[in-house]
Amino acid sequence: RPKQPDARHACATEKRGDTTRAYITAIDAALEGDPGDAELWSLRGNAEEPSGPFGRGQRGTASSIAFYERALALAPGHFGAHHYLIHTYENLGYFDKALEHGEPYSNAASEVPHALHMYAHDLMKVGRMREAIDVFTRARGLEHAYYEREKISRDFDWHHSHNTGLLALSYRHQGNLDEAERLLRDGAAVDQQTA
């Protein structure tokens with residue numbers, strides 16, 4: 001039988017709900033004062049996430065979309081809104097729509113491995129594997145250049161293993177099992193540091 005939440009859980013949930021409502025009310029008030037602020041519209045979209053005031057664009061819901069679209073209408077090319085829309089559409093299973101935002105995001109932040117990775121992520125999801133491999137590989141190259149330039153270990157970059165794993169999966173999908181295995185072994189050699 002599922003455990004029933006105790007009074008402390010119910011109180012914490014209610015308090016979180018109050019905090020979320022207060023946060024959204026504050027953003028809405030700020031938007032009334034400055035409806036042309038694309039950053040406020042993006043924050044308002046983040047607030048639609050299940051975590052409310054702690055939303056950061058990764059768990060967007062259908063109700064987030066209009067806020068991010070408004071940010072883009074006000075600031076065409078707003079790479080943050082594109083990034084949030086990628087995650088939102090992925091969460092909803094609309095990979096073609098996510099891809100529409102992946103290309104401008106990767107172009108706007110072309111030296112950021114995660115931006116390229118997000119684009120490749122959806123190229124892979126829609127079956128454009130050769131392109132996905134090219135873009136994942138570019139992201140990997142940027143990561144390695146960064147480690148070399150800054151003299152840091154890849155062990156401290158959570159993104160590296162994720163990108164390597166999806167690159168390997170893409171090669172596997174293409175039938176190149178040797179390259180997939182090489183990449184997976186390389187990724188497994190990372191001593192991931194989270195602290």
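Residues numbered from 1 in each chain as written. Predicted model: local features only at pLDDT ≥ 70, side-chain atom pairs only at ≥ 80, totals over all residues. Heavy atoms only, no water.

Quick look at the overall build of the protein chain
Part 1 of the reasoning: Scanning the protein chain from terminus to terminus reveals 9 helices and 0 strands.
Part 2 of the reasoning: Helices and strands in the protein chain line up, N terminus first, as α-α-α-α-α-α-α-α-α.
Part 3 of the reasoning: Considering the protein chain as a whole, with its 195 residues, one finds that 43% of them fall into the buried category.
Part 4 of the reasoning: As displayed, the protein chain offers around 11200 Å² of accessible surface, 54% of which is attributable to carbon and sulfur atoms. (Helix = DSSP H or I, 4+ residues; strand = E, 2+ residues; numbered from the N terminus. Buried < 20%, exposed > 50% of the residue type's maximum accessible area, 1.4 Å probe, protein only. Areas by Shrake-Rupley, 256 points an atom, 1.4 Å probe, with all protein chains shown as cover.)

So, the nonpolar core
Part 1 of the reasoning: Counting 22 residues, the largest nonpolar core has Leu31, Trp41, Ala71, Leu85, Ile86, Tyr89 and Tyr105 as the members making the most contacts within it.
Part 2 of the reasoning: Sorting the residues of this core by element identifies helix 1 (7-33), helix 2 (38-46), helix 3 (65-74), helix 4 (79-92), helix 5 (95-108) and helix 6 (113-125) as the ones contributing at least two each.
Part 3 of the reasoning: Residues contacting Ala71, with those up to four places away along its chain left out, are Ala38, Trp41, Ser42, His78 and Ala81.
Part 4 of the reasoning: If you look at the next biggest cluster of nonpolar residues, it comprises 19 residues, including Met124, Met129, Val135 and Ala180. (Core = buried A, V, L, I, M, F, W, Y, C linked by side-chain atoms within 4.5 Å. Contact = heavy atoms within 4.5 Å.)

Examining the packing of helix 8 (residues 158-173) against helix 9 (residues 177-188)
Part 1 of the reasoning: Contact geometry for helix 8 and helix 9: axes closest at 8 Å, N-to-C directions at 165 degrees. Taken together, helix 8 and helix 9 sit at an angle that is classed as roughly antiparallel. Classified by chirality, the crossing of helix 9 by helix 8 is left-handed. Of the residues in helix 9, those touching helix 8 at His160, Ser161, Thr164, Leu167, Ala168, Tyr171 and Arg172 are Leu177, Glu179, Ala180, Leu183, Leu184, Asp186 and Gly187.
Part 2 of the reasoning: Tallied by class, the residues present in the contact of helix 8 with helix 9 amount to 7 nonpolar, 4 polar and 3 charged. (Axes fitted to C-alpha atoms, helices over the stretch in contact; angles between N-to-C directions. Parallel < 35°, antiparallel > 145°, perpendicular 65-115°, else oblique. Left-handed = near helix turned anticlockwise from the far one by under 90°. Nonpolar A, V, L, I, M, F, W, Y, C, P; charged D, E, K, R; others polar.)

Some words on helix 6
Part 1 of the reasoning: The terminal C-alpha atoms of helix 6, which comprises 13 residues, lie 18 Å apart, in line with the 18 Å expected from a rise of 1.5 Å per residue.
Part 2 of the reasoning: Among the 13 residues that make up helix 6, 12 are buried, leaving the element largely enclosed by the rest of the structure.
Part 3 of the reasoning: All buried positions along helix 6 are accounted for by Pro113, His114, Ala115, Leu116, His117, Met118, Tyr119, Ala120, His121, Asp122, Leu123 and Met124.
Part 4 of the reasoning: Elements that come into contact with the buried residues of helix 6 comprise helix 4, helix 5, helix 7 (129-150) and helix 8.
Part 5 of the reasoning: Positioned one or two residues after helix 6, Gly127 has a phi angle of 85 degrees, which is positive. (Expected span 1.5 Å × (residues − 1).)

A word on the environment of Val112
Part 1 of the reasoning: Within the secondary structure layout, Val112 lies in the loop between helix 5 and helix 6.
Part 2 of the reasoning: Classification of Val112 as partly exposed rests on a relative accessible area of 37%.
Part 3 of the reasoning: Between the C-alpha atom of Val112 and that of Ala139, which follows or precedes it by 27 residues, the distance is 7.5 Å.

Observations regarding the packing of aromatic side chains
Part 1 of the reasoning: This structure, assessed with the given rule, holds 3 aromatic pairs.
Part 2 of the reasoning: Where Trp41 meets Phe67, the ring centres are 6.1 Å apart and the plane angle is 25 degrees; that geometry is what we call stacked. A residue pair is termed long-range when its members are at least 10 positions apart, and Trp41 in helix 2 and Phe67 in helix 3 qualify at 26 residues.
Part 3 of the reasoning: What makes Trp41 buried here is its relative accessible area of 18%.
Part 4 of the reasoning: By relative accessible area, which is 16% here, Phe67 ends up buried. (Phe/Tyr/Trp six-rings, centres within 6.5 Å; stacked < 30°, edge-to-face > 60°.)

Treat this as a map of the structure, not an account of what it does.
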